[in-house]
Amino acid sequence: MDIRSVTAAVRTWPLSLGQKGALPNFYDLVLFAFIAAAFTALAHGAREMEAPLASLDLAPVTLDPVKLPEYALRTTLRMFAAILASLAFTFVVASLAAKSRKAELVIIPALDILQSVPVLGFLTFTVVFFMGLFPGSQLGAECAAIFAVFTAQAWNMAFSFYQSLRTIPRDLDEVSRHFRLSPWLRFWRLEVPFAAPGLIWNTMMSMSGGWFFVVASEAITVGATSVKLPGIGSWLAVAIDRKDIAAVAMAVAAMAVVILAYDQLLFRPIVAWADKFRFEQTAAQQRPRSWVYDLVRRTRLLRRLLTPISRAVSGLARLRLPAFGDGRARAVPGWLGKASDIVWILLVLAAAGYSAWIAVEYLRTTLGPDDVAGAVGLGLLTLARVVVLIVIASLIWVPIGVWIGLRPWAAELVQPVAQFLAAFPANVLFPIAVVAIVAFRLNPDIWLSPLMVLGTQWYILFNVVAGASAFPTDLREVSSLYRLRSWQWWRRVMLPGIFPYYVTGALTASGGSWNASIVAEMASWGDTKLEAAGLGAFIARATEAGDYPRVVLGIVVMAVFVVLVNRLLWRRLYTIAERRTRLD
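What you see is a predicted model, and the numbers here were worked out from it, not measured in a lab.

K.L.:
Any details on the overall build of the protein chain? Residues and values, ideally.
P.N.:
Within the protein chain one finds 26 helices and four strands. The buried share among the 584 residues of the protein chain stands at 49%. Total accessible area computed for the protein chain in this model is approximately 28300 Å², and 68% of it derives from carbon and sulfur atoms.

K.L.:
An account of the nonpolar core is requested, with residue identities and associated values reported.
P.N.:
By size, the foremost hydrophobic cluster in this structure holds 135 residues, and its most contacted members are Phe 161, Trp 211, Ile 232, Ile 460, Trp 514 and Leu 535. Broken down by element, this core gets its largest block of residues, 15 residues, from helix α24 (residues 486-520). Both of domain 1 (20-277 + 287-330) and domain 2 (366-580) provide at least three residues apiece to this core. The contacts of Ile 460, once residues within four sequence positions are left out, are Ile 390, Ala 393, Ser 394, Trp 397, Val 398, Tyr 502, Gly 505, Ala 506 and Ala 509. By size, the runner-up hydrophobic cluster in this structure holds six residues, among which are Leu 123, Phe 130, Ala 148 and Ile 220.

K.L.:
Could you give an account of the packing of aromatic side chains, with specific residues and numbers?
P.N.:
By the definition in use, this model includes 18 aromatic pairs. Aromatic pair Tyr 262 and Phe 267: ring centres 5.6 Å apart, planes at 80 degrees, arrangement edge-to-face. Residues Tyr 262 and Phe 267 agree in their burial class; the two are buried. Relative to Phe 561, the ring of Trp 514 has its centre 6.0 Å away and its plane inclined at 25 degrees; by these criteria the two rings are stacked. In this pair, Trp 514 is assigned in helix α24 and Phe 561 in helix α26 (residues 548-583), connecting sequence segments 47 residues apart. Phe 561 shares its class with Trp 514; the two are buried. Through pairs of rings, three or more aromatic residues link up here, namely Phe 89, Phe 129, Phe 130, Phe 147, Phe 150 and Trp 155.

K.L.:
Now, about the confidence of the model for the protein chain: what can you tell me, with residues and values included?
P.N.:
Per-residue confidence for the protein chain averages 78 on the pLDDT scale, and 83% of its residues sit at or above 70. The least confident element of the protein chain, judged by mean pLDDT, is helix α2 (residues 13-17) at 47; the most confident is helix α5 (residues 68-99) at 91. Within the model, pLDDT remains below 50 along residues 322-332, and this stretch shows 11 contacts once partners closer than five positions in the same chain are excluded.

K.L.:
So what's going on with the pairing of strand β3 (residues 522-525)? Residues and values would help.
P.N.:
Only one face of β3 is buried: it carries Ala 523 and Trp 525, and the other face, with Met 522 and Ser 524, is open. Taken together, the four bridges between β3 and strand β4 (residues 528-531) define a ladder with antiparallel strand orientation. Note on β4: the bridge partner recorded for Trp 525 is Thr 528.

K.L.:
Help me get a handle on the pattern of salt bridges, residues and values and all.
P.N.:
A side chain of one charge can pair with a side chain of the opposite charge when the charged atoms of the two come close. Applying the stated criterion across every chain, the model contains 12 salt bridges. In this structure, Glu 191 engages Arg 186 in a salt bridge whose closest nitrogen and oxygen atoms are separated by 2.9 Å. By the burial criterion, Glu 191 is buried, and Arg 186 matches it. Of the charged contacts in the structure, one is a salt bridge between Arg 550 and Asp 547, with a shortest N-O distance of 3.1 Å. On the basis of relative accessibility, which here comes to 22%, the residue Asp 547 falls in the partly exposed class.

K.L.:
So what's going on with the environment of Tyr 293? Residues and values would help.
P.N.:
Position of Tyr 293 among the secondary structure elements: in helix α15 (residues 291-298). A relative accessible area of 23% means that Tyr 293 is categorised as partly exposed. Through-space distance from the C-alpha of Tyr 293 to that of Leu 266 is 9.2 Å; in sequence the pair is 27 residues apart. Residue contacts for Tyr 293: discarding those within four places in its chain leaves Pro 269, Ala 272 and Trp 273.

K.L.:
How would you summarise the environment of Ile 404 if you had to cite specific residues and measurements?
P.N.:
With respect to the helices and strands, Ile 404 occurs in helix α18 (residues 369-405). On the basis of relative accessible area, Ile 404 is assigned to the buried category, the value being 6%. Residues within four places of Ile 404 in sequence aside, it is in contact with Ala 410, Ala 411, Val 414 and Val 465.

K.L.:
Summarise a nonpolar patch on the surface; cite the residues concerned and give the values.
P.N.:
On the surface, Val 387, Val 388, Val 391, Ile 392, Leu 395, Ile 396 and Ile 400 cluster together to form a nonpolar patch covering roughly 600 Å² of accessible area. Within the element layout of this structure, Ile 396 appears in helix α18. Taking relative accessible area as the criterion, Ile 396 reaches 42% and is therefore assigned partly exposed.

K.L.:
Residue-level account of the packing of α5 against helix α14 (residues 245-274), with values.
P.N.:
The N-to-C vectors of α5 and α14 enclose an angle of 50 degrees; their axes lie 11 Å apart at closest approach. By the criterion of interaxial angle, the relationship of α5 to α14 is oblique. Handedness of the crossing formed by α5 with α14: right-handed. Counted together, Leu 68, Ala 72, Thr 76 and Phe 80 of α5 and Met 250, Ala 251, Ala 254, Val 258, Tyr 262 and Leu 266 of α14 form the full contact between these two elements. Considering only residue class, the contact of α5 with α14 consists of nine nonpolar, one polar and no charged.

K.L.:
Just give me the short version of unusual backbone geometry, but keep the residues and values in it.
P.N.:
Here the phi dihedral of Lys 243 falls at roughly 55 degrees; this positive angle occurs in a residue that is not glycine. Within the secondary structure, Lys 243 is located in the loop between α13 (232-241) and α14. For Lys 243, a relative accessible area of 42% gives the class partly exposed. Look at Arg 441: it is not a glycine, yet its phi comes out positive at around 55 degrees. With respect to the element layout, Arg 441 can be found in the loop between α20 (430-440) and α21 (444-447). The class of Arg 441 is exposed, set by a relative accessible area of 79%.

K.L.:
Can you tell me about the side chain of Glu 104, naming the residues and giving the values?
P.N.:
Note on placement: Glu 104 falls in helix α6 (residues 101-116). Residue class for Glu 104 comes out buried when judged on its relative accessible area of 12%. Excluding residues that lie within four positions of it along the chain, Glu 104 makes contacts with Ala 97, Pro 109, Tyr 162 and Arg 166.

K.L.:
Describe helix α9 (residues 154-166), and please don't skip the residues or the numbers.
P.N.:
The first and last C-alpha atoms of α9 sit 18 Å apart over 13 residues, in line with the 18 Å expected at 1.5 Å per residue. Within α9, 13 of the 13 residues are buried, leaving the element largely enclosed by the surrounding structure.

K.L.:
Quick rundown of the side chain of Ser 176? Include the residues and the values.
P.N.:
Note that Ser 176 resides in helix α10 (residues 170-178). Separated by 2.5 Å, the side chains of Ser 176 and Arg 186 make a polar contact. Apart from residues no more than four positions distant in its own chain, Ser 176 is found in contact with Leu 181, Arg 186 and Leu 190.

Cut-offs applied
- Residues numbered from 1 in each chain as written.
- Predicted model: local features only at pLDDT ≥ 70, side-chain atom pairs only at ≥ 80, totals over all residues.
- Heavy atoms only, no water.
- Helix = DSSP H or I, 4+ residues; strand = E, 2+ residues; numbered from the N terminus.
- Buried < 20%, exposed > 50% of the residue type's maximum accessible area, 1.4 Å probe, protein only.
- Areas by Shrake-Rupley, 256 points an atom, 1.4 Å probe, with all protein chains shown as cover.
- Core = buried A, V, L, I, M, F, W, Y, C linked by side-chain atoms within 4.5 Å.
- Domains from an automatic or database assignment.
- Contact = heavy atoms within 4.5 Å.
- Phe/Tyr/Trp six-rings, centres within 6.5 Å; stacked < 30°, edge-to-face > 60°.
- pLDDT = per-residue confidence, 0-100.
- Pairing = 2+ DSSP bridges.
- Salt bridge = Lys/Arg side-chain N within 4 Å of Asp/Glu carboxyl O.
- Patch = residues over 30% accessible without salt bridge, like charges linked within 9 Å, V, L, I, M, F, W, Y side chains within 5 Å.
- Axes fitted to C-alpha atoms, helices over the stretch in contact; angles between N-to-C directions.
- Parallel < 35°, antiparallel > 145°, perpendicular 65-115°, else oblique.
- Left-handed = near helix turned anticlockwise from the far one by under 90°.
- Nonpolar A, V, L, I, M, F, W, Y, C, P; charged D, E, K, R; others polar.
- Expected span 1.5 Å × (residues − 1).
- Polar contact = N/O pair within 3.5 Å; in protein donor to acceptor, adjacent residues only side chain to side chain.

Written out as structure tokens, the structure is:
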């Protein structure tokens, strides 16, 4: 079943099409219509991305409703390009971190730092690079926007996949070793299927998280560089600047249509298909449903086309690749392994120290101690907001997420609504917040903070729903048999069961809160601008002015705060979750 199985599947493809009953039916025609429409839209959007950069000046972003479908298409293509890159990044980087202690020492702290760097921080240093790669073409600005969305998606997915790989049940791990699965086969037959439920929910969350920063990624302003790419984000930026409430409402409606479309056509079928990868199944358990998935299963010609492809992919999964070895660990003396670990740690510390020295020297020559002390003080204010919001979001969404996750029918109903609310950009609420704060003479330092909730609560909700959905039904039945009720049920059954998922959600929510502070601590509605004291406003103001030393200072201070919190709190909780899973 190695390479010969792949060849045999390809050779039998024409034969399978020629058999009786291979003619397309009604469901084939409907599905082919969807596929043709998708490829047409993809080709049109790809062609527009390669247009000359000067065309943006000749045909700037307008609030003409006729243009809104085109803008929605361009934004959607950027989102999916970023999510595909995030998936590839997740499979490679998270797998290395989970399987190699040496790689973990570098990757996990790097992910902690990267998720703390705001989207504006990435744009500040990548816009010029990407536009230099494609001079005179929109493709450079498109790559910068896609990379910005990628930075809002990848870290959450990587942490989810890493957590799943580190918490694979011991019995499944022993079975894979008993059958001597190669690392490549183990990856596709055990690790990816086991991680699929959590990864799918976090992919949906990451897709929604990208919408949160769509304005910053499409309406790019860094110093003297100003680019507005056609898209819903640029539409919103223009509408907010002109105080056009009707245009804002149209953009929100377009977002709702796009989110509903890709939820029904893509994510819900994937959730229904991935239900077979649950750790355990029972006959009484209700399965997720999808009309698109049912449509694919009722097709005739398409299923015959997909059968040889499925066999070829299965054959590729069984290949024994020399680079991955045969899955048997080589015997290494204990003292040699410890010595290599010490050398590697010293090298990592030396590299980190050198990088920190470069940053400190740069800041020392451009800024003074007062600037650093001021940035640290603003960081403490933002940290206080993040902590309060994480606590509030946990108290609200953990019980709700458990209730939804234990009821597949509820998850099916809530999924598109939660995706839309998670994708709802804070910029849309700026007019309401600014008008209310000015009208009632409220304190912006307090009342702008709730806008950060939009970047925090959904990570917790989606991960808790994923954890409750994957909770073994037999354990639920045992808890019912022993009549565990109320707080005892939460303490002994449910909270331990969803704990690894909650830690992942809270960890990424923390990073999302820091990122959200960039747009939430500075709100504007036309000429009226409000600002809350905090590190997010400090970085946003420096980015808009093109003040690179202060941008670097803000990013460094934010990274230090996030890494310290992750090291002192979230990583310890990760260790506890992993240890409990292994003991079970």
